[in-house]
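So the chains spell out like this:
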Amino acid sequence: MTDKPVQFGIDILLDTKNLKDIAIGLVCNAASLTNTGIHSSVALLESGYNIKKLFSPEHGFSAKGDDGAFINDDTDLLTKLPIISLYGGKLAPTASDLADIDLVIFDLPDIGSRFYTYLWTMTYVMEACVVNDKNLLVLDRPNPIATQFDFAEGPILEENCSSFIGRFPIPIKHNCTLAELANYFKNIQYPLLKLETIAMRNWDRYKNNNFPFFAPSPAIQKRHTTYLYPGTCLFEGININEARGTEFPFEQFGAPWIEASLLREKMIEISDAAELEIVSYQAVIAPYVNEVCYGLRIAPKNLDNFKPVAYITTLIGLIGKLFPNHLKERNYLTNVNPSGQKHLDKLVGVSNSFEKIITENLDITVPNWLNTITPFLLYP
């Protein structure tokens, strides 16, 4: 018997609730679709909901803006609704933005990594709703890389490394949905928040199938990429190109000084968790714009059991040993970190992370995470 298709929070809302007499602000982007592919804003408007305005995260409403780029306010050409950017001059809705709103609905996808910023946009929206005494409704969506909690990976974020790519103490690979994390953050940060969440139907975090994947940002066009991203995004913090702009962003990596055949040979000796293909490509982005990079493409042998943080930190440590005169940290400039400094520490979530990775002293275990998060899970 075939498993029933997953119904997202938006699908459940449309089927079960009547919120048509109140003014609504919708936090969304182009990937905020029903399970049949209709945009949430359109589906709600067609059902008679009073959507007053839209709010967009990093990459903008189109989900096509460059990584870390300032996003301006806009207007949705389809619905004619104003779009207020939460990744431009501000990260949270203002009192003025919320003055004519009774309810904020949050309906964004996530990919299960602590440093993917839609999660933190949610926390700023939570904060704004507390300050301005507004109700918040979080519509849940799948975490595409959720699996057994034994496969959660740290480190747990240290307070001194808090930033827009990690505000509160959770692991890098947390295995939760955004609605579950909203419940958790309400408990530890926003107890006065008037929060409601709508869980999915037919989603099983351990099977994690039977739902369409909608690309949430320019470099995450395939669900396959999300399984590597919790590890390969760490390349942003060192002078290795993460292959943005190629066919395989975050699935391959390179630098002009890497001897790919040697690296492949030595990595296979350490770990057989992935197939490694030698690649070369012309870099599109920093730090090697228009230069030919040599490196590897990573194909995990078992996606559900793959531990990307452990694998990639091991790989970076090996690169440091093989090419010690080349590997360095790099500044990664974004709208929320204009200097780009300490980007690797912010990604990893601990101080002096480069040294800890190179010396194999980075602790990525999260022994108490399941006990911590269990009271807030919607899908035990």
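Each chain carries its own residue numbering, running from 1 in the written order of its sequence. Where local features are concerned, this predicted model is filtered to residues with pLDDT of at least 70; where side-chain atom pairs are given and counted, the filter is 80 or more; whole-chain, interface and lining totals use all residues. Only hydrogens and water are set aside when side-chain values are computed; all heavy atoms of the structure are taken into account.

Considering unusual backbone geometry
Under the convention used in this document: The secondary structure listing takes helices from DSSP runs of H or I that are at least 4 residues long and strands from runs of E that are at least 2 residues long, numbered from the N terminus.
In this chain, G154 is followed by P155 through a cis amide linkage whose omega measures 5°. A cis amide bond links A286 to the next residue, P287, at an omega of 5°. The residue N210 is not glycine, and still its phi comes out positive at about 65°. Mapped onto the elements of the fold, N210 is located in the loop between strand 7 (194–198) and helix 6 (223–232).

Quick look at empty space enclosed by the protein
The gaps left among the atoms become clear once a water-sized probe is rolled over them. Note the cut-off: Here a cavity denotes a set of grid points, spaced 1 Å apart and computed over the protein atoms alone, in which a 1.4 Å probe fits but from which it cannot get out, and a pocket denotes an open set meeting protein on both sides within 12 Å along at least five of seven lines; residues with an atom within 4 Å of a point are reported as lining. Grid points are joined across faces, edges and corners, and a volume is the space filled by probe spheres set on the points.
On inspection of all chains with the given rule, the structure shows 1 cavity of 30 Å³ or more. Along its surface, the largest cavity is lined by F8, A31, P109, D110, R141, P142, P144, F211, P212, F213, F214 and P216.

Remarks on the pairing of strand 2 (residues 50–56)
Our working rule: For every residue, the accessible area obtained with a 1.4 Å probe (protein chains only) is divided by the maximum for its type, and the residue is called buried under 20%, exposed over 50%, and partly exposed between those limits. Two strands qualify as a pair provided DSSP detects at least 2 bridges between them. Assignment of crossover handedness uses the view with strands pointing away from the viewer, where a clockwise path from the first strand over the helix to the second indicates a right-handed crossover.
The buried count for strand 2 comes to 5 of 7 residues, which makes it a mostly enclosed element. The pairing of strand 1 (residues 23–27) with strand 2 spans 5 bridges and is parallel. What sits directly across from L26, in strand 2, is L54. For the crossover from strand 1 across helix 2 (residues 40–46) to strand 2, the handedness is right-handed. Where strand 2 lies against strand 4 (residues 82–85), 3 bridges are found, and the strand directions are parallel. When the bridges of strand 4 are listed, S56 appears paired with S85.

Remarks on the packing of aromatic side chains
We apply this condition: In this analysis, rings of Phe, Tyr and Trp, with Trp reduced to its six-membered ring, are considered paired at centre separations within 6.5 Å, and the interplanar angle assigns stacked below 30 degrees, edge-to-face beyond 60, and tilted for intermediate values. Here, a charge over a ring is recorded when the distance from Lys NZ or Arg CZ to the ring centre is within 6 Å and its angle to the ring normal is within 35 degrees.
The full count for this structure, using the stated rule, is 18 aromatic pairs. With centroids separated by 5.7 Å and ring planes inclined at 65°, the aromatic side chains of F115 and Y229 adopt a geometry described as edge-to-face. Placement of F115 in the loop between strand 5 (103–106) and helix 4 (118–131) and of Y229 in helix 6 is noted, with a sequence separation of 114 residues between them. Across the pair, Y229 and F115 agree in class, each one buried. Ring geometry for F168 and F185: centres 5.2 Å apart, planes at 70°, overall edge-to-face. In this pair, F168 is assigned in the loop between strand 6 (135–139) and helix 5 (178–188) and F185 in helix 5, connecting sequence segments 17 residues apart. Across the pair, F185 and F168 agree in class, each one buried. If you follow R167 out to its NZ or CZ, it ends over the ring of Y124, 3.8 Å from the centre. The residue whose ring lies beneath R297 is F248, and the NZ or CZ to ring-centre distance is 3.9 Å.

With respect to the pairing of strand 10 (residues 292–300)
Direction of pairing for strand 8 (residues 252–255) relative to strand 10: antiparallel, over a ladder of 4 bridges. For Q252, the partnering residue across the bridge sits in strand 10 and is R297. The pairing of strand 9 (residues 274–282) with strand 10 spans 9 bridges and is classified as antiparallel. Each bridged residue has a counterpart across the sheet, and for L276 the counterpart in strand 10 is I298.

Topic: the environment of F149
The condition that has to hold: Residue contacts are counted whenever heavy atoms from the two residues lie within 4.5 Å of one another.
Note on placement: F149 falls in the loop between strand 6 and helix 5. For F149, a relative accessible area of 10% corresponds to the buried category. Along the backbone, F149 and R205 are 56 residues apart, and their C-alpha atoms lie at a distance of 9.8 Å. Excluding residues within four positions of it along the chain, F149 makes contact with H174, N175, C176, R205, Y206, W369, L370, I373 and L377.

Points about the environment of N29
Definition in use: Throughout this description, a polar contact denotes any pair of N or O atoms lying within 3.5 Å of each other; where both atoms belong to protein, one of them has to be capable of donating a hydrogen while the other can accept it, and for residues adjacent in sequence the pair is counted only when both atoms sit in side chains.
Locating N29 in the fold gives a position in the loop between strand 1 and helix 2. The spacing of N29 and L195 is 166 residues in sequence and 21 Å in space, taken between C-alpha atoms. Beyond its immediate stretch of four places on either side in the chain, N29 contacts H39, P57, G60, F61, A63, L108, P109, Y118 and P216. Reaching out from N29, the side chain makes a polar contact with the side chain of Y118 at a distance of 3.4 Å.

Quick word on the sheet that holds strand 7
Here is the rule we go by: Interaxial angles span 0 to 180 degrees and are taken between N-to-C directions of axes, which are lines fitted to C-alpha atoms, for helices over the stretch in contact.
Pairing is mixed in the open sheet, where 7 strands are placed in the order 3-4-2-1-5-6-7. The sheet is open, and its two borders are formed by strand 3 (74–75) and strand 7, each paired with just one other strand. Bridge analysis of strand 3 against strand 4 gives 2 bridges, and the strand direction is antiparallel. Counterpart to D74 in the pairing with strand 4 is I83. Most of the contacts of helix 1 (residues 9–16) go to strand 6, to which it runs at about 115°, and overall it touches strand 5, strand 6 and strand 7. Here helix 5 sits on the sheet and contacts strand 5, strand 6 and strand 7; the angle it forms with strand 7, its principal contact strand, is near 155°.

Describing the pattern of salt bridges
Working definition: two side chains of opposite charge can pair if their charged atoms are close together. This is how the line gets drawn: Here, a salt bridge means any Lys or Arg side-chain nitrogen found within 4 Å of an Asp or Glu carboxyl oxygen.
The final tally for this structure, using the stated rule, is 14 salt bridges. D3 is the salt-bridge partner of K207, the closest N and O atoms lying 3.9 Å from each other. With a gap of 204 residues between them, K207 in the loop between strand 7 and helix 6 and D3 in the segment before helix 1 connect regions that are remote in the sequence. For D3, a relative accessible area of 36% corresponds to the partly exposed category. Linking K222 and E251 is a salt bridge whose minimum nitrogen-to-oxygen distance equals 3.1 Å. Here K222, found in the loop between strand 7 and helix 6, pairs with E251, found in the loop between helix 6 and strand 8; they are 29 residues apart in sequence, far enough to count as distant. K222 sits in the partly exposed class, given a relative accessible area of 33%. What you see here is one network of salt bridges that share partners, running through D67, E236, E242, R244 and R330.

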